[in-house]
There are 2 protein chains.
Amino acid sequence: MSKKLVFGHKSPDTDTICSAIVMAEMQKAKGEDVEAVRLGELNKETKYALEYLKVETPRLLEKVEEGQEVILVDHNEFQQSVDGIEAAKIITVVDHHRINNFATAEPLYYHAEPLGCTATILYKLCQIENIEVTPKMAGLMVSAIVSDTLLFKSPTCTNTDKEVATKLAEIAGLNIEEYGLNMLKAGTDLDDFTAEELISLDAKEVSKNDVKVVIAQVNTVSIEDVFKRQKELEEAINTKIEKDNIQLFVLAVTDILNSNSELLVLGNRSDVVEKQGKLENNRLFMPGVVSRKKQILPMIDKNLD
Amino acid sequence: MSKKLVFGHKSPDTDTICSAIVMAEMQKAKGEDVEAVRLGELNKETKYALEYLKVETPRLLEKVEEGQEVILVDHNEFQQSVDGIEAAKIITVVDHHRINNFATAEPLYYHAEPLGCTATILYKLCQIENIEVTPKMAGLMVSAIVSDTLLFKSPTCTNTDKEVATKLAEIAGLNIEEYGLNMLKAGTDLDDFTAEELISLDAKEVSKNDVKVVIAQVNTVSIEDVFKRQKELEEAINTKIEKDNIQLFVLAVTDILNSNSELLVLGNRSDVVEKQGKLENNRLFMPGVVSRKKQILPMIDKNLD
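Residues numbered from 1 in each chain as written. Chains lettered and ligands numbered in written order. Predicted model: local features only at pLDDT ≥ 70, side-chain atom pairs only at ≥ 80, totals over all residues. Heavy atoms only, no water.

Engineer: Where do I start with unusual backbone geometry in this structure?
Structural biologist: Outside of glycine, negative phi angles account for most residues, and trans bonds account for most peptide bonds. Its identity as a non-glycine residue notwithstanding, A:L150 has a phi of 50°, on the positive side. Position of A:L150 relative to the elements: it lies in the loop between α4 (135–149) and α5 (159–172). (Helix = DSSP H or I, 4+ residues; strand = E, 2+ residues; numbered from the N terminus.)

Engineer: Explanation requested: the pairing of strand β4 (residues 69–73) of chain A in the structure shown.
Structural biologist: Every other side chain in a regular strand lies on the same face of the sheet, so the side chains alternate between the two faces. All names here are of chain A. Within β4, five of the five residues are buried, which leaves the element mostly enclosed by the surrounding structure. Pairing of strand β1 (residues 4–7) with β4 involves three bridges; the strand directions are parallel. Pairing of F7 across the sheet is with L72, part of β4. In terms of strand pairing, β4 meets strand β5 (residues 89–95) through five bridges, oriented parallel. The residue bridging E69 from the neighbouring strand is K89, located in β5. (Buried < 20%, exposed > 50% of the residue type's maximum accessible area, 1.4 Å probe, protein only. Pairing = 2+ DSSP bridges.)

Engineer: Explain the relation of the copies chain B and chain A here, please?
Structural biologist: With an RMSD of 0.0 Å, the operation that places chain B on chain A is a rotation of 180° combined with a shift of 0.0 Å along the axis. Such a turn and shift between the copies fits a two-fold axis. Among all residues of chain B, the minimum C-alpha distance to the rotation axis is found for B:H111, at 2.3 Å. A shared binding surface is used by both copies, with 100% of the interface residues of chain B retained as interface residues in chain A. (Least-squares fit on C-alpha atoms with pLDDT ≥ 70 in both. Contact = heavy atoms within 4.5 Å.)

Engineer: Which parts of the structure should I look at to understand the pattern of salt bridges?
Structural biologist: Pairs can form between side chains of opposite charge whenever their charged atoms are close. Under the definition given, this model contains 48 salt bridges over all chains. A salt bridge links A:K208 to A:D301, with the shortest nitrogen-to-oxygen separation between them at 3.4 Å. Pair noted here: A:K208 is in strand β7 (residues 203–208) and A:D301 is in helix α11 (residues 292–303), with a separation of 93 residues, a long-range link. With a relative accessible area of 12%, A:D301 lands in the buried category. Between B:K28 and B:E25 there is a salt bridge, and its shortest N-O distance comes to 3.9 Å. Residue B:K28 and its partner B:E25 are both found in helix α1 (residues 14–29); the two are separated by three residues, about one turn of the helix. In this structure B:K28 comes out as partly exposed when scored by relative accessible area, which is 43%. One network of salt bridges, with partners in common, ties together A:E77, A:R98, A:K208, A:D301 and A:D305. (Salt bridge = Lys/Arg side-chain N within 4 Å of Asp/Glu carboxyl O.)

Listed below in C-alpha cells is the structure:
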C-alpha cells in the first residue's frame, strides 16, 4: 500500500496547510505512513508562519491517482479538492465546514464540528486519542486558529477555539497577540501580487441550482488601498468569468483591523448579491462582515434559492 | 426553541431505533431538550428488544417542519430520512454509513466511523464526553450491535464492535449469546407479514446515474421458507416498481445461521445484478453474503458505473 496523502483545500490558507501537517504528525504518531501535501502556492501569511516556526513547506500535489488513499482536512466539497478526488479512496475527513457535494462509496471516518478552525478539532482529537502535542504541532495549530478567527474577532470564533489557542500558545511558547498580529499583517501585504493572483489567493467555488459562484477573499488593513486597483481587478475577474464560465464572482476585501468587508461583484448573476443591497460601481460595503463561511456564503446560498 | 428531534432511517431496524433512544438520553444528560422518534413501524426483532428491556416505543414522526432542529443517527442520505428533511436544520449526525446525497447550508457536528454499528460509536462518545452509560442504555446498544453484526458474524463487524458489545452486556447484565440469538430469531418470524410488508420491512433506496434502486433485506433461518412465497413477493415488488418508478429492486433474503443470501431481483435494470452472476428464475444465490452495506450495495454501486 502506498503512502496516504493528507491535504486541505485548493487556494490553501493557513488552517489548511497547518492542519494537514499536524494531521500527518498525528497519523505518524499512530504508526501510519502518511505525507502532508498542498494543492497550491502558499499565501504570505502561511509563509510567515512556517518560516517563523521553522517548518518545511509540504510538496505540491497536482492530482491524485485512482484508488490513492487520502485524508482530507479543512474541506470536503470535491470542487475545492484535488483533481482526481472522485476516484480516490477517502478514508478520513476532519473539517469545520458545511457538508456539500461530497460522497463516498464506502463508510469512512468523518469528524466535523461547527468550530472556528480545523486545528481546534485536531487538538481535541489529540486529547481523545492520547497523542502528544509537540511545540511544533502547537505552533502550527495556533497559527491556524489565529488565521481562521482573525485573532478571535470573526463570528466563526467559539469559546472552544479561544481556549484551545491559549493552551496551544503556552505549549508553543508564543505570545499569541504579538505573533498573531504579525502573522495576519504579513498576509495583508498584497503589493507584489498581480490582479490575477489576488483574485485567486483564497478563492472558493460553490455551485447551486446550476449557478457557478466563486467567492474570493483578501485580508487587508486598508480596503481603499486594495480598491485603488479596482479596474485591474475587474479585468482579471472578467477574464476568469469568461474562461471558467462563472455566473457570479465575489471578491471580499476584508479589513481585519475594523472587521468590515467590501465586496467587488461581477458576473451575469450579480443580482444574487443585489438582493442584499444595491451595488454601486460593482461594490457593496458590508459592515461587521468578515467571515465567508458564516456570513457571505449563507447570504449567497439563501439568495440563490 | 422547540424540542430537538432524534431519529434514524425509514424502515427502522434495531440499530436505528435503539441508537435514537440512546442518543436522546445522551443529549438529555447534557441538559438538552430532545425526543427520540421513529420514522416507521418497528420490526419484530426491535419489538422483542424493547419489550425485553422494558423500554417504551418512540412516537411515530411523519414529517418535520421547516427549521426544526434534528439529530440524525444511523443514516445521512436524505431519501432514507424523514419527509421534509431538506428544510430542517440538521445540527448533528452520528452514523456508520457512507456519505451520499447529504448536504447542509451550515457547518454541523458530524461524526462517522467505519464500524459495524452506530451504537458502538455512541458508546465511544459516551466515554469521550464522560456520559454515564445506564443499564438501559447498555441494553439498547447491545441489541443494536447484535442486530447490525448478526451476532458478530457479519463482515461489517469490527473488533471494536465486539469489545464494546462485551462491555455493554456486562453493564446491562445480559448473556449476549443467548439474548442475541433469541432477539435475531424473533426478527425472522415472517409468517404474519403480507408480501407488501415483507419487501418494505427493511428497504433502502439509493440512486446513481439516474437509476433508482431499492435494496430490501429480510433475515431468516430458512431461505427456502421465504421463497415458498416467491410468486406473491414478485407481485408485490412489481406493483412497487410501477408505483414508485423503480428501475431495480433487490430483495436480499439472508440466512443468519449459515451466513448466505439469496437475492430476488426485478426491474428493467436487473442487468446491473446480472453482471455479478446469471439470474435463474429472477434469483441469485450469494454464498457468504450477509451485509447490504459492505457487500450488496458496493456490488450494485460498482456495476452502475
